[in-house]
Amino acid sequence: MPDQNKRIVVVTGGSRGIGRAICLAFAEQGTHIYFNYFAPGDFAAAEIAAAAETEKLVAGLGGLATGLSVNVALEKDVTSFFKTIVSEAKRIDVLVNNAGITRDGLLVRMKEKDWDAVLDINLKGAFICMKVAAKTMMKQRSGCIINIASVVGAAGNPGQANYVASKAGIIGLTKAVAQELASRGITVNAVAPGFIETDMTAALSDKAREAMTSQIPLRRAGKPEDVADVIAFLASEKARYITGQTIHVNGGMYM
């Protein structure tokens, strides 16, 4: 029989950045975190190493983490991923849809393949993961789904039409699914980070960073832990009466 006291958490894109911070926020005795990473071609070795580091860090905090290579844009891969989880753990308590990519460019120069890639991972991926996980949660009559949106999904941003569209879609998708699943005791919310210190933002020039932080009332970038702490709260009993909401974590960048 499965251990009913063990909490089962699924995090997509958990090998680094905000995804890793989310895994660590849930890392405690009695929690098993399953996370995915995507390791295509030349990036395989780096992603596998990053996933192993996440597993190690979670273990150091008393939890258990299992990382698997999964393309969230492919329903057959996602179905297999969740089948593995349910066969081992028998339940899913929390799903955090964090996996995301960028392929920035001005609208008139944006290639169709870059539009498709971003929408496939960021929006379609979240849709597929929710669709598959919800079947288990509905049987349990309990569960918590948290989708990672973005400040730009609400405010817009030039040069990111594909990314903005995907994150605006996440906000709308969250509201729709929250209404569908509420009667089964499942909450669905979104968290919209602002300018957060990650590998992507680390590549910005000092001038670009200064320009970005000047738009933030708190005058600094956020940390992955700032986002992860809100997610941990939304997945707790203290947030049991919150659903269909988008929580902005952006230092006042968008109000």
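Scroll up a little and you will see the structure.
**Student:** Looking at this model, I keep getting lost on the environment of Asp114. Mind explaining?
**Tutor:** In this structure, Asp114 sits in helix α4 (residues 112-140). Residues Asp114 and Asn162 lie 48 residues apart in sequence; the distance between their C-alpha atoms is 7.8 Å. Apart from residues no more than four positions distant in its own chain, Asp114 is found in contact with Arg103 and Asn162.

**Student:** Whenever I open this one, the pattern of salt bridges confuses me. Can you help?
**Tutor:** Oppositely charged side chains can pair when the atoms bearing their charge come close. Summed over the entire model, instances satisfying the criterion amount to 7 salt bridges. With a closest N to O distance of 3.2 Å, Asp77 and Lys76 form a salt bridge. Judged by relative accessible area, which is 25%, Asp77 ranks as partly exposed. Judged by its relative accessible area of 62%, Lys76 falls in the exposed class. Notably, a salt bridge pairs Lys223 with Glu197, separated by 3.5 Å at the nearest N-O pair. With Lys223 in the loop between α8 (206-213) and α9 (224-234) and Glu197 in the loop between β6 (186-193) and α7 (199-202), this pair connects stretches of sequence that are 26 residues apart. Residue class for Glu197 comes out partly exposed when judged on its relative accessible area of 34%. Members of the salt-bridge network, linked through shared partners, are Arg16, Glu47 and Asp199.

**Student:** Honestly, unusual backbone geometry in this entry has me stumped. Any pointers?
**Tutor:** Glycine aside, a negative phi is what most residues show, and trans is what most peptide bonds show. The phi angle at Lys90 is positive, at roughly 70 degrees, despite the residue not being glycine. With respect to the helices, strands and loops of the structure, Lys90 is situated in the loop between α3 (75-89) and β4 (94-97). Located in the positive-phi region is Arg219, a residue other than glycine, with phi close to 60 degrees. Within the fold, Arg219 resides in the loop between α8 and α9.

**Student:** Just checking my understanding: could you explain the packing of helix α1 (residues 17-25) against α9 for this structure?
**Tutor:** To describe two helices that pack against each other, one gives the angle between their axes and the distance between the axes. Viewed as axis vectors pointing N to C, α1 and α9 meet at an angle of 45 degrees, and their least axial separation amounts to 8 Å. Here α1 is positioned oblique relative to α9, judged by the angle of their axes. Our pair here, α1 against α9, has a crossing hand that is right-handed. Of the residues in α9, those touching α1 at Gly17, Ile18, Ala21, Ile22 and Ala25 are Pro224, Glu225, Val227, Ala228, Ile231 and Ala232. Along the lines of polarity and charge, the residues of the contact of α1 with α9 split into 9 nonpolar, 1 polar and 1 charged.

**Student:** Would you explain the side chain of Gln160 in this entry?
**Tutor:** Relative to the elements of secondary structure, Gln160 occurs in the loop between α5 (151-155) and α6 (161-181). Only 3.2 Å separates the side chain of Gln160 from the side chain of Asp104, close enough to count as a polar contact. Apart from residues no more than four positions distant in its own chain, Gln160 is found in contact with Thr102, Asp104, Gly105 and Val152.

**Student:** What's the story with the sheet that holds strand β2 (residues 31-37) in this structure? I'm lost.
**Tutor:** Strand pairing in a sheet relies on backbone hydrogen bonds, with the paired strands running either antiparallel or parallel. Spatial ordering of the open sheet is given by β3-β2-β1-β4-β5-β6-β7, a layout of 7 strands whose pairing is parallel. Lying at the two open borders of the sheet, with one neighbouring strand each, are β3 (64-69) and β7 (246-249). Neighbour to neighbour, the strand axes of the sheet diverge by 20 degrees on average, direction disregarded. The pairing of β4 with strand β5 (residues 143-148) spans 4 bridges and is parallel. Paired with Val96 across the bridge in β5 is Ile146.

Conventions adopted
- Residues numbered from 1 in each chain as written.
- Predicted model: local features only at pLDDT ≥ 70, side-chain atom pairs only at ≥ 80, totals over all residues.
- Heavy atoms only, no water.
- Helix = DSSP H or I, 4+ residues; strand = E, 2+ residues; numbered from the N terminus.
- Contact = heavy atoms within 4.5 Å.
- Salt bridge = Lys/Arg side-chain N within 4 Å of Asp/Glu carboxyl O.
- Buried < 20%, exposed > 50% of the residue type's maximum accessible area, 1.4 Å probe, protein only.
- Axes fitted to C-alpha atoms, helices over the stretch in contact; angles between N-to-C directions.
- Parallel < 35°, antiparallel > 145°, perpendicular 65-115°, else oblique.
- Left-handed = near helix turned anticlockwise from the far one by under 90°.
- Nonpolar A, V, L, I, M, F, W, Y, C, P; charged D, E, K, R; others polar.
- Polar contact = N/O pair within 3.5 Å; in protein donor to acceptor, adjacent residues only side chain to side chain.
- Pairing = 2+ DSSP bridges.

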